[in-house]
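Observations on chain architecture
Residue-level listing of the chains:
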Amino acid sequence: MGTAKVRFGSNNQTAEDQSQFIRRRKAALERYLNRLMGHHIICKDETLRRFLQEEDSPRPNPNASGIKGFMKNVETMVSKATARINEVDEWYEDKQQHILELEETLKKLLVVVENLVGNRRDLATKTNAFASSCLTLGEGEDNVSLRRAVTKLSELENKLEVVQLEQTDNDMFTFGETVKDYIALIQSAKAAFDERVKTFSTWEGAQTTLAKKREAKNKATAQGKADKVAQCEEDIKFWENRVERCQEDFELIR
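Here is a short report on the structure shown in this document. (Residues numbered from 1 in each chain as written. Predicted model: local features only at pLDDT ≥ 70, side-chain atom pairs only at ≥ 80, totals over all residues. Heavy atoms only, no water.)

1. Digging into the pattern of salt bridges
Evaluation of the coordinates by the stated rule reveals eight salt bridges. Measuring nitrogen to oxygen at the nearest pair gives 2.9 Å for the salt bridge that ties Lys190 to Glu103. Of this pair, Lys190 sits in helix 5 (residues 144-223) while Glu103 sits in helix 4 (residues 90-139), placing them 87 residues apart in sequence. On the accessibility criterion, Lys190 (26% relative accessible area) is partly exposed. Sharing partners across several salt bridges, the network here consists of Glu103, Lys107 and Lys190. (Salt bridge = Lys/Arg side-chain N within 4 Å of Asp/Glu carboxyl O. Helix = DSSP H or I, 4+ residues; strand = E, 2+ residues; numbered from the N terminus. Buried < 20%, exposed > 50% of the residue type's maximum accessible area, 1.4 Å probe, protein only.)

What follows is the structure, given as structure tokens:
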């Protein structure tokens, strides 16, 4: 959902931090489910409907999912490191560079928004402290007119605190979460480019295997091994079809 994991038992987490984290996760989950249900195809999925209607959903094993996720990430990183495309399509090259620059810009903007939210929250906290001080000062004032004026000031500061907290929520849930959504969309676009690299790698691997099978057939023919030649011909036919399918998949992405 675009938020970091928080360990609630940690000593450096205040009640306000925990409350803020829960509110952010709740808002992000609500917006995510609304988008799912707003999709004309996904909203008809029976699995999603059962999930939303069930009160107690089964919890997966966190250790198993963590290990699988870790292995999947390692596999993805290795695949990205070893797979390369000699890009000849200028459109893909330009768009990929544009996406990387846009992602970097949005991440910087998100940092600014988070700092703004933090500053507004600090301002609201200080406003509340000032209002409390004014109220205490007014209660101890003997002059009726001055006491009334200081009390009014305290009430005004309390109202101002409410406005500042509302601005904080708007900045966090409307502006900040929207920026996070755009970053997530960009990451999806990057995943599409990564899928193109993966498809090309599969195609390239199939071509390499086909070349080895043809080489094995030539060697078997030179050695007069008829049975092995027949097996190689079957393998060659299989890998020729696979190369064609891989090429078609790659052309679809292009």
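Next comes the rest of the write-up.
2. Observations concerning the packing of aromatic side chains
Scanning the entire structure with this criterion turns up four aromatic pairs. Ring geometry for Phe200 versus Phe250: centroids 5.6 Å apart, planes at 55 degrees, classification tilted. With a gap of 50 residues between them, Phe200 in helix 5 and Phe250 in helix 6 (residues 226-253) connect regions that are remote in the sequence. Accessibility assignment for this pair places Phe200 and Phe250 in one class, buried. Summarising the aromatic geometry, the rings of Trp203 and Phe250 are spaced 5.5 Å apart at their centres and angled 35 degrees between planes, so their arrangement reads as tilted. On the criterion of sequence distance, the pair formed by Trp203 in helix 5 and Phe250 in helix 6 is long-range, its members being 47 residues apart. One aromatic cluster in this structure is built from Phe200, Trp203 and Phe250. (Phe/Tyr/Trp six-rings, centres within 6.5 Å; stacked < 30°, edge-to-face > 60°.)

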